[in-house]
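# Chains, contacts and geometry: an overview
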Amino acid sequence: MIGSPRLKVRLALVAAALVSVASAVSCSKCGDHSEEPAQAMKPAEPPLPAPDALLADVYMATPNGSWSKLQKNIGGAVGILPASASGMICMVAGLDPFVASEIDNTAPIFGAIAGDPANASYLVAMKLSDLRKARALLVDGDNARYTERDAGGPSELVPKGEGNTLPVAFGLSSNGYLLVARRRDDLGKLAPYVTRTLTKRPLPTDGAIVFDVPRAAIGAVIKPALDDLWTTAKGFLLGQDERMRRDHGGRAPDYGDPKAIVRAADAWVTKRIAVVGDLEKMRISADVVETGVAIVATMTPNAGAGPARKWTDGMVLGDVAPLSSLPAASAAALVMRDGEEDRAEQAHGIESVITTALGSRLAEADAKRLHDVAEDFTKARGDYLVTALAWDEPQGLSVRGPVRDAEAATRAVRGAVDLAKVSPFKELFRVRDVTSSSEDVPGLGKATVAMLARDASRGGGDARAAQRSARDA
């Protein structure tokens with residue numbers, strides 16, 4: 001079928017218009033040598049795997065908001081520090097203040113930590129508002145203060161002039177991030193992973209700053225480091241014991257055997273290290289709250305019936321309300337929740353440490369009384385204990401918890417007071433006298449109060465020591 005001449009003319013005009021538009025677009029590109037169109041057409045670079053010996057990924061979702069809140073809460077001299085988190089980082093890194101003005105202060109900050117925990121590498125990446133402008137200001141402009149050199153992917157910026165050095169490595173990434181690293185090598189090792197991988201992940205919302213510790217770091221770095229640390233500590237303690245025995249003609253310690261104490265502590269510490277080594281991942285988040293900084297550690301155990309899974313399955317959960325019963329002036333406070341099995345294990349462990357350390361110095365009858373106290377204490381205590389340290393005068397340590405068996409609690413307290421009257425506990429704690437009475441204690445009601453009067457020192461001491469003794473009593 002042959003179309004009408006009028007329709008053919010219209011189609012020809014449309015085709016001519018399309019060709020004209022395409023030619024105009026092509027010609028507009030011919031004279032433009034800027035990198036902007038090429039960058040717009042450049043495909044996004046794929047994420048990279050984690051670098052070797054990665055210890056933690058670091059996220060700061062709202063750096064400026066969190067830093068402003070922290071400044072407000074602390075007040076005082078902190079108020080004169082830079083008003084932005086990026087400005088604070090630049091100041092600590094020794095960079096010129098004007099560098100911070102090129103950073104997008106509404107964007108998150110990313111980072112990574114890797115290597116030996118005792119001498120770790122790190123890198124922080126902060127998004128630039130305009131990469132081209134920042135490069136012109138820092139490197140290409142007539143008054144630029146830095147020269148550029150390749151750092152194995154990103155570029156390193158080096159201050160011009162002899163003797164001008166920075167305490168950190170400083171650079172730019174091709175996708176628009178300002179980089180601050182501990183060493184020059186860290187730019188090439190960590191920057192591609194941080195700027196191409198971490199920046200594509202969903203941002204954690206757990207806190208102002210979040211550290212994600214991967215399984216590889218836990219198994220290959222953290223657990224071996226904890227093992228080495230505890231091995232070194234045991235060696236030091238046992239070495240000190242040998243030295244003191246030599247200094248005293250081979251005589252055993254007066255009140256305890258350090259070797260026995262180390263053996264007992266070894267079982268407890270080794271068990272906790274095994275729990276850490278069995279974690280799939282760990283997240284540590286710090287958040288700025290009205291009254292300070294809240295730090296939360298979230299540990300995820302491996303699948304299966306390993307030490308970490310057994311530990312978490314046996315946990316007793318609850319809120320922190322019991323902390324409100326402690327004195328408001330406490331320097332530090334702790335709430336602990338335990339299941340039935342853990343409570344029995346703790347009591348047995350404490351009993352074992354004491355009896356093993358004292359050895360033959362503890363009479364058989366007193367060892368039996370100690371066992372009864374541990375048993376009664378386990379029966380009496382509820383699923384949590386709260387303890388607080390009072391640092392100001394009068395100094396002291398308070399421990400509170402719910403009682404589920406009043407008779408067992410009474411027996412435990414009386415048994416512990418009776419043990420304080422006999423050797424070797426009397427000499428160990430320098431107990432001079434023990435008295436007890438029934439009193440009305442504010443906030444508690446009727447209670448039995450035991451007072452332990454202590455000697456100032458084993459050798460008599462001076463008047464000041466006597467005053468401390470009276471205060472302790």
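This write-up is about the structure you can find in this document. (Residues numbered from 1 in each chain as written. Predicted model: local features only at pLDDT ≥ 70, side-chain atom pairs only at ≥ 80, totals over all residues. Heavy atoms only, no water.)

### Details of the sheet that holds strand β11 (residues 332-337)
Read from one edge of the open sheet, 3 strands run β11-β12-β13, paired in antiparallel fashion. Across the chains shown, the open sheet's two edge strands, defined by having one partner strand only, are β11 and β13 (396-400). Adjacent strand axes in the sheet meet at a mean angle of 15° when their direction is disregarded. Alignment of strand β12 (residues 384-390) against β13, held across 5 bridges, turns out to be antiparallel. Paired with A390 across the strands is G396, a residue of β13. (Pairing = 2+ DSSP bridges. Helix = DSSP H or I, 4+ residues; strand = E, 2+ residues; numbered from the N terminus. Axes fitted to C-alpha atoms, helices over the stretch in contact; angles between N-to-C directions.)

### Remarks on the nonpolar core
Residues V99, L138, F170 and L178 are the most contacted members of the largest nonpolar core, which totals 22 residues. Examining the composition of this core, we find that 4 residues originate from one element, helix α6 (residues 131-140), more than from any other. For L138, the contacting residues outside a window of four places in its chain are F98, V99, A144, R145, Y146, L157, F170 and L172. Y59, Y193, V194 and L198 belong to the second largest nonpolar core, which has 18 residues in total. (Core = buried A, V, L, I, M, F, W, Y, C linked by side-chain atoms within 4.5 Å. Buried < 20%, exposed > 50% of the residue type's maximum accessible area, 1.4 Å probe, protein only. Contact = heavy atoms within 4.5 Å.)

### What about the packing of aromatic side chains?
Summed over all chains, the structure comprises 2 aromatic pairs. Taken together, a centroid distance of 6.2 Å and an interplanar angle of 80° make the contact between Y59 and F110 edge-to-face. Within this pair, whereas Y59 is found in strand β1 (residues 54-60), its partner F110 is found in strand β2 (residues 109-114), the two being separated by 51 residues in sequence. For the residue pair Y59 and F110, the accessibility class agrees, reading buried in each case. Ring geometry for Y146 versus F170: centroids 5.2 Å apart, planes at 75°, classification edge-to-face. Taken together, the positions of Y146 in strand β4 (residues 146-150) and F170 in strand β6 (residues 169-172) put the pair 24 residues apart, joining distant regions of the chain. (Phe/Tyr/Trp six-rings, centres within 6.5 Å; stacked < 30°, edge-to-face > 60°.)

### What to know about the pairing of strand β9 (residues 279-289)
Sheet topology places strand β8 (residues 209-213) next to β9; 5 bridges connect them, and they run antiparallel. Bridge pairing in β9 links I209 to A286. The turn joining β9 and strand β10 (residues 292-301), which pair antiparallel and follow one another in sequence, is formed by 2 residues.

### Details of helix α9 (residues 258-277)
Its 20 residues give α9 an end-to-end C-alpha distance of 27 Å, which sits within 8% of 28 Å, the value for a rise of 1.5 Å per residue. Its axis deflected by about 25° at D266, α9 carries its strongest bend there. Buried within α9 are the following residues: A260, V262, V269, I273, V275 and G277. Next to the buried residues of α9 lie α8 (215-247), β9, α10 (307-313) and α11 (340-358). (Expected span 1.5 Å × (residues − 1). Bend = angle between axes of the 7 residues up to and from the residue.)

### As for the side chain of E102
Position of E102 relative to the elements: it lies in the loop between α5 (97-100) and β2. No salt bridge is formed by the buried E102, whose closest oppositely charged neighbour, K133, lies at an N-O distance of 4.2 Å. What E102 contacts, discounting residues up to four positions off in sequence, is L128, S129, K133, A134 and L137. (Lys, Arg positive; Asp, Glu negative; His and termini not counted. Salt bridge = Lys/Arg side-chain N within 4 Å of Asp/Glu carboxyl O.)

### Some thoughts on a nonpolar patch on the surface
On the surface, a cluster of nonpolar side chains totalling about 400 Å² of accessible area is made up of M299, W311, M315 and L317. You can see M299 is positioned in strand β10. (Patch = residues over 30% accessible without salt bridge, like charges linked within 9 Å, V, L, I, M, F, W, Y side chains within 5 Å. Areas by Shrake-Rupley, 256 points an atom, 1.4 Å probe, with all protein chains shown as cover.)

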